[in-house]
Amino acid sequence: MSPTRTIHVQYFAILREQRGLARETLATAAATTGGLYAELQTRHGFSLPADRLRVAVDDEFTSWTAPLRDGAAVVFIPPVAGG
């Protein structure tokens, strides 16, 4: 069994609308940022694929294969329409 990590997640734009929250703290067995997004996409019905998002951990942009540590702050950033 994979270890469970407590992760603090912040959502912006369409992800915040689809989740109905701006942030949450959750327990996950996901080992990477990509695994976490896949889990949340299934859990919350997010419509955006990961390749349309940027991900940051502890205020640093990172890759979808970046490992997650207990207590990490993760932000998923969707594309922003300007005008």
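A quick note: this is a predicted structure, and the numbers were derived from the prediction, not measured.

**Details of the sheet that holds strand β3 (residues 54-57)**
Part 1 of the reasoning: Judged by pairing direction, the sheet is mixed, and its five strands sit side by side in the order β2-β1-β5-β3-β4 without closing on themselves. At either margin of the open sheet sits one strand with a lone partner, and together these are β2 (23-28) and β4 (60-62). The average undirected angle you get between the axes of adjacent strands in this sheet is 35 degrees.
Part 2 of the reasoning: Bridge analysis of strand β1 (residues 5-11) against β2 gives six bridges, and the strand direction is antiparallel. Of the residues in β2, the one forming a bridge with Arg5 is Thr28.
Part 3 of the reasoning: Along the sheet, helix α2 (residues 33-44) makes contact with β1, β2, β3, β4 and β5 (73-77), crossing β2 at roughly 110 degrees.

**Regarding the packing of aromatic side chains**
Part 1 of the reasoning: Applying the stated criterion to the full structure yields five aromatic pairs.
Part 2 of the reasoning: Seen from their ring centres, Tyr11 and Phe46 are 5.5 Å apart, and the 65 degrees between their planes marks the pair as edge-to-face. One end of the pair, Tyr11, is in strand β1; the other, Phe46, is in the loop between α2 and β3, with 35 residues separating them in the sequence. One exposure class covers both Tyr11 and Phe46, and it is buried.
Part 3 of the reasoning: Judged by centre distance (5.8 Å) and plane angle (55 degrees), the rings of Tyr37 and Trp64 are tilted. Of this pair, Tyr37 sits in helix α2 while Trp64 is found in the loop between β4 and β5, placing the two residues 27 residues apart along the sequence.
Part 4 of the reasoning: Counting every residue linked through ring pairs, the aromatic cluster contains Tyr11, Tyr37, Phe46, Trp64 and Phe76.
Part 5 of the reasoning: The side chain of Arg54 reaches across the aromatic face of Phe61, ending 3.9 Å from its centre.

Criteria and cut-off values
Residues numbered from 1 in each chain as written. Predicted model: local features only at pLDDT ≥ 70, side-chain atom pairs only at ≥ 80, totals over all residues. Heavy atoms only, no water. Pairing = 2+ DSSP bridges. Helix = DSSP H or I, 4+ residues; strand = E, 2+ residues; numbered from the N terminus. Axes fitted to C-alpha atoms, helices over the stretch in contact; angles between N-to-C directions. Contact = heavy atoms within 4.5 Å. Phe/Tyr/Trp six-rings, centres within 6.5 Å; stacked < 30°, edge-to-face > 60°. Buried < 20%, exposed > 50% of the residue type's maximum accessible area, 1.4 Å probe, protein only. Lys NZ or Arg CZ within 6 Å of the ring centre and 35° of its normal.

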